[in-house]
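# Coordinate analysis (summary)
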Amino acid sequence: VTKGNFKRMIMMVQDHRDKLKRAASLDPALLSLFNALDPAYMQFNAAYQHNKIIGQRREMQTGQFELLMAKMPAMTQEWDYQVIEKYRPSTPEYQFLMSEGRTGLYKLAYELRLSAVSDFIRKLQDFPSLSSLLNEVTAWYQNAMFVRETQQGYEGELQQAQTSVE
């Protein structure tokens, strides 16, 4: 009934604990049983609360990362315009910088998008005339990597927390 359902488990355990506590206050013979079980309940409750909070943190970071990724088409369009201001699309410089085209930066899986942005940064380093764009893209990338790493960290922590609740 409670396998894999921590909410149902916490409700049942809380209910049984409260009833046993009341019964133990009326029957001293049950007090030793309550005292034996209560530490396990407290440990389970702490693990459950920790698991819940970690899950919520992961959801928050996932939402922040997804917002960054959702803004990527507009960002890459802006980056493309800044490259075009210096180098027309027919030039070798533009072809080098935007070899994947702007959609290559936002149509891929998340990790591949981040890798493509990292490649774009390395290419921009060859063009001093685009230093402000380099700074802008680098700042965006560092922020995205921080959010992603934090989200992934919570993902791992959540798996450990779920194991401890089980």
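All values derive from a computational prediction rather than experimental measurement. (Residues numbered from 1 in each chain as written. Predicted model: local features only at pLDDT ≥ 70, side-chain atom pairs only at ≥ 80, totals over all residues. Heavy atoms only, no water.)

### Here we look at the overall build of the chain
Using the following cut-off: The secondary structure listing takes helices from DSSP runs of H or I that are at least 4 residues long and strands from runs of E that are at least 2 residues long, numbered from the N terminus. Surface accessibility follows the Shrake-Rupley procedure with a 1.4 Å probe radius. Residue values consider only the protein chains on display as shielding. In this tally, Lys and Arg are treated as positive and Asp and Glu as negative; His is ignored, and so are the chain termini. Throughout, a charge is located at the NZ atom of Lys, the CZ atom of Arg, the CG atom of Asp or the CD atom of Glu.
Within the chain one finds six helices and zero strands. For the chain, the N- to C-terminal ordering of α and β elements is α-α-α-α-α-α. If you line up the chain on its principal axes, its C-alpha atoms span 90 × 25 × 20 Å. Split by element, the accessible area of the chain, about 10,300 Å² in all, is 55% carbon and sulfur. Taking the 19 positively charged and 19 negatively charged side chains of the chain as two groups, their mean positions are separated by 7 Å.

### As for the pattern of salt bridges
Condition: What counts as a salt bridge is simple: a side-chain nitrogen of Lys or Arg found within 4 Å of a carboxyl oxygen of Asp or Glu.
Following the criterion strictly, the structure yields seven salt bridges and no others. Of the charged contacts in the structure, one is a salt bridge between Glu 59 and Arg 58, with a shortest N-O distance of 2.5 Å. Across the salt bridge formed by Glu 111 and Arg 148, the nearest N and O atoms sit 2.5 Å from each other. Placement of Glu 111 in helix H5 (residues 110-124) and of Arg 148 in helix H6 (residues 131-165) is noted, with a sequence separation of 37 residues between them.

### Topic: the side chain of Arg 148
Stated formally: Using a 1.4 Å probe on the protein chains alone, a residue whose accessible area is under 20% of its type maximum counts as buried, one over 50% counts as exposed, and one in between counts as partly exposed. The criterion used for residue contact is that any of the two residues' heavy atoms lie within 4.5 Å.
Residue classification places Arg 148 among the buried positions, given a relative accessible area of 14%. Not counting residues within four places of it along the chain, the set of residues in contact with Arg 148 comprises Phe 65, Tyr 110, Glu 111 and Leu 114.

### Observations concerning the packing of aromatic side chains
We apply this condition: Two aromatic rings, drawn from Phe, Tyr or Trp (for Trp, its six-membered ring), form a pair once their centres lie within 6.5 Å of each other, and the interplanar angle then sorts them: stacked below 30 degrees, edge-to-face above 60, tilted otherwise.
Under the definition given, this model contains six aromatic pairs. Aromatic pair Tyr 87 and Phe 127: ring centres 5.4 Å apart, planes at 70 degrees, arrangement edge-to-face. A residue pair is termed long-range when its members are at least 10 positions apart, and Tyr 87 in the loop between helix H3 (72-86) and helix H4 (92-97) and Phe 127 in the loop between H5 and H6 qualify at 40 residues. Owing to a relative accessible area of 18%, Tyr 87 belongs among the buried residues under this scheme.

### Some words on the packing of H3 against H5
Short version of the rule: Between N-to-C directions, angles cover 0 to 180 degrees, with each direction set by a line fitted to C-alpha atoms, over the stretch in contact for helices. Put simply, angles under 35 degrees are roughly parallel, angles over 145 are roughly antiparallel, angles from 65 to 115 are roughly perpendicular, and the rest are oblique. Handedness of a crossing is defined here by the sense of rotation of the near helix relative to the far one, left-handed for an anticlockwise turn of less than a right angle and right-handed for a clockwise turn. Three classes are used: nonpolar for Ala, Val, Leu, Ile, Met, Phe, Trp, Tyr, Cys and Pro, charged for Asp, Glu, Lys and Arg, and polar for all others, with Gly counted as polar.
Viewed as axis vectors pointing N to C, H3 and H5 meet at an angle of 20 degrees, and their least axial separation amounts to 13 Å. In this view, H3 runs roughly parallel relative to H5, as classed from their interaxial angle. Judged by the sense of rotation from one axis to the other, the crossing of H3 with H5 is left-handed. Contacts between H3 and H5 pair Met 72, Trp 79 and Val 83 from the former with Arg 113, Val 117 and Phe 120 from the latter. Along the lines of polarity and charge, the residues of the contact of H3 with H5 split into five nonpolar, no polar and one charged.

### Concerning the nonpolar core
Put simply, the test is: By convention a nonpolar core is built from buried Ala, Val, Leu, Ile, Met, Phe, Trp, Tyr and Cys residues, the set being connected through side-chain atoms within 4.5 Å.
Counting 28 residues, the largest nonpolar core has Leu 97, Val 117, Phe 120 and Trp 140 as the members making the most contacts within it. Only helix H2 (28-70), H3, H4, H5 and H6 provide two or more residues apiece to this core. If you tally residues by element for this core, the top one is H6, at seven residues. When near neighbours in sequence (up to four residues on either side) are disregarded, Trp 140 contacts Leu 68, Met 69, Met 72, Met 75, Trp 79, Leu 114 and Val 117.

### Some words on the confidence of the model for the chain
Counted only if it meets this: Think of pLDDT as the predictor's per-residue confidence, scored from 0 to 100.
Chain-level statistics for the chain give a pLDDT mean of 88 and a share of 93% at 70 or above. When mean pLDDT is compared element by element in the chain, H4 scores highest at 94, while helix H1 (residues 6-26) scores lowest at 86.

### Examining the side chain of Lys 123
Mapped onto the elements, Lys 123 comes out in helix H5. Each residue touching Lys 123, except ones within four places of it in the same chain, is listed here: Phe 96, Leu 97 and Ser 99.

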